[in-house]
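Secondary and tertiary structure notes
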Amino acid sequence: MTRRKFLFTSEQVSEGHPDKMCDIVSDSLLDALLEKDPKTKFACETLIKNNTIVLGGEISSTAVIDYEAVIRASLAKIGYHDENFDFSPKTCQIINFLDVQSSEIANSVHVDKTPEEIGAGDQGLMMGYATNETEELLPLTLVLSTKLILKLKELRETNASFKWLRPDCKTQVTVEYEQLEKGKIRPLRVHTVLISTQHTDEISLEELRRSLREDVIPLVIPQKYLDGETKYFLNPSNSFIVGGPKGDAGVTGRKIIADTYGGWGGHGGGAFSGKDATKVDRSGAYAARWMAKSLVANGYCERCLVQVTYGIGMAEPISLYVDSYGTVKDGFDDEHLTSLLKKNFDLRPGMIIKELNLERPIYRDTCILNHFMPKTNSTWEVPKKI
């Protein structure tokens, strides 16, 4: 019987991409508030275009912070420090439309409630995914596209030979997979690598493409996945000098697939950034990833999708669903896996916050590139023994 082969693609964006800049602004403000008041309730959307930033959302906090100072310092770390970028953290206009959180929502969710009683900040469905195809237990397509961005950032910041790189860039990796028995899949080869990176006018397109092909890609993608038929599209739009918020507007939460599983598994639609952990868009999604990763790490299945759903103001989740795609180990089925999760994970929002320690100012670092690539403070990336 011929095994089916298929192509799957994931993308990633850099800190200098305008959408990700907005995520960073929203989460930097959340961090600043949490540093002074860990019980802060916050939901902040950011819009950026040219040299203007607009904030909108709701807040309930005893913390007093300098919003403009936090924003300027956070964006300066990205690398937009040259006036020639047409965006400057020093001179950008900041318009603040943040308002007080609705008392109806506050009373429903957290006012005068114990951690066990805290309700979900909104209704919604959250998805978690894990796969054993990489050591991160994430899809290879996502891992490779993310690591390409990390390598470009490293070279831009530390290697004088790459001074032509600018902060805005995107990657996209297509992998050819083989469908095995019982829902198992195996990555065979990298079919296509696409990189679009902002650059100065000091480098020719020919030299830029040569450098990406010879000096970047081989340092990230294992040779076993590259062959003579691998396709490379390097700055396919040719010149990419104008980037960042000058080249495109940015909005918080527009890179939710790059933030999660690169199109694998599923997504409930809710963005993470700018939201404190009573918002289950964030905490529920982190818990769903934690559960999925724990199942795969403990050998119960080779890959799986977990869905958890909530209603606003309700502490207990409405439903929990597990799909192992048929890769569940012998003697178990998906109902067994669901029961395992119910016994080992308390999915009430207040208890997720407590167990994962989500009232810390960790979110700026968390939101950069991907929320599930292992990082120092990512408690949800530590599998639970079950």
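Here goes a summary of the coordinates provided. Small disclaimer: the values here were computed from a predicted structure and weren't measured.

Digging into unusual backbone geometry
Even without glycine at this site, L137 takes up a positive phi of about 60°. Structurally, L137 is set in the loop between β5 (124–131) and α4 (140–158). If you check the backbone angles, K182 has positive phi at about 55° while not being a glycine.

Things to note about the pattern of salt bridges
Summed over the entire model, instances satisfying the criterion amount to 26 salt bridges. With a shortest N-O distance of 2.3 Å, R186 and E178 are connected by a salt bridge. Residue class for R186 comes out partly exposed when judged on its relative accessible area of 39%. Shared partners join several salt bridges into a network, and the residues in it are E207, R210, E214 and D215.

Quick look at the sheet that holds strand β2 (residues 41–49)
The strand order across the open sheet built from four strands is β4-β3-β2-β9, with neighbouring strands paired in mixed fashion. Strands at the two margins of the open sheet, each flanked by one partner only, are β4 (93–100) and β9 (250–251). In this structure, β2 lies alongside strand β3 (residues 52–60), joined through nine bridges in antiparallel fashion. Bridging from a neighbouring strand, A43 pairs with E58 of β3. Together, β3 and β4 form the strand contacts of helix α2 (residues 67–76), whose direction differs from that of β4 by roughly 125°.

What about the side chain of D281?
Residue placement: D281 occurs in helix α7 (residues 280–297). A relative accessible area of 19% places D281 in the buried class. A polar side-chain atom of D281 sits 2.7 Å from a polar atom in the side chain of K275. For D281, the residues in contact, after removing those within four places along its chain, are M126, G270, A271, F272 and K275.

What about the sheet that holds strand β11 (residues 319–323)?
Read across the open sheet, the three strands follow the order β5-β10-β11; overall the sheet is antiparallel. Sheet topology places β5 and β11 at the edges, where each strand pairs with a single neighbour. Geometrically, the sheet is characterised by an average inter-axis angle of 15° between neighbouring strands, direction not taken into account. Judged from the eight bridges that link them, β5 and strand β10 (residues 303–310) form a sheet pairing that is antiparallel.

Focus on the pairing of β2
Two successive antiparallel strands, β2 and β3, enclose a turn made up of two residues, where N50 displays a positive phi of approximately 55°. The sheet contact formed by β2 and β9 spans two bridges and is antiparallel. For L47, the partnering residue across the bridge sits in β9 and is V251.

Remarks on the packing of aromatic side chains
For the structure on display, the rule yields 16 aromatic pairs. Ring geometry for Y300 versus F332: centroids 5.4 Å apart, planes at 70°, classification edge-to-face. With a gap of 32 residues between them, Y300 in the loop between α7 and β10 and F332 in the loop between β11 and α8 (334–344) connect regions that are remote in the sequence. When its relative accessible area of 10% is taken as the criterion, Y300 is described as buried. The exposure class assigned to F332 is partly exposed, which follows from its relative accessible area of 29%. Among the aromatic residues, those joined into a ring-pair cluster are F6, F8, Y129, Y177, Y261, W264, F272, Y286, Y325, F372 and W380. We note R213 situated over the ring of Y232; from NZ or CZ to the ring centre the distance is 3.7 Å. The ring centre of F345 lies 4.6 Å from the NZ or CZ of K384, which sits over that ring.

Thresholds applied
- Residue numbers run consecutively from 1 along every chain, following the written order of its sequence.
- At least 70 in pLDDT is required for a residue's local features to be given in this predicted model, at least 80 for side-chain atom pairs to be given and counted, and no such filter applies to totals for whole chains, interfaces and linings, which use all residues.
- Remark: hydrogens and water are excluded; side-chain values derive from all non-hydrogen atoms of the structure.
- Counting from the N terminus, the helices are the DSSP runs of H or I reaching at least four residues and the strands are the DSSP runs of E reaching at least two.
- Basic side-chain nitrogens of Lys or Arg form a salt bridge, by our definition, when they fall within 4 Å of a carboxyl oxygen of Asp or Glu.
- Burial classes follow relative accessibility: with a 1.4 Å probe on protein chains only, a residue under 20% of its type's maximum area counts as buried, one over 50% as exposed, and anything between as partly exposed.
- Pairs of strands are assigned from DSSP output, requiring at least two bridges between the strands.
- It only takes one pair of heavy atoms within 4.5 Å for two residues to be counted as in contact.
- Helix axes are fitted to C-alpha atoms over the stretch in contact, other axes to C-alpha atoms as well, and angles between N-to-C directions run from 0 to 180 degrees.
- Any N or O atom pair separated by 3.5 Å or less is treated as a polar contact, with the protein-specific requirement of one donor-capable and one acceptor-capable atom, and with residues adjacent in sequence counted only for side-chain atom pairs.
- Under the pairing criterion, centres of Phe, Tyr and Trp rings, with the six-membered ring standing for Trp, must be within 6.5 Å; the plane angle then separates stacked pairs below 30 degrees from edge-to-face pairs above 60, leaving the rest tilted.
- A positively charged side chain is recorded as over a ring if its NZ (Lys) or CZ (Arg) lies within 6 Å of the ring centre. The angle to the ring normal must also be within 35 degrees.

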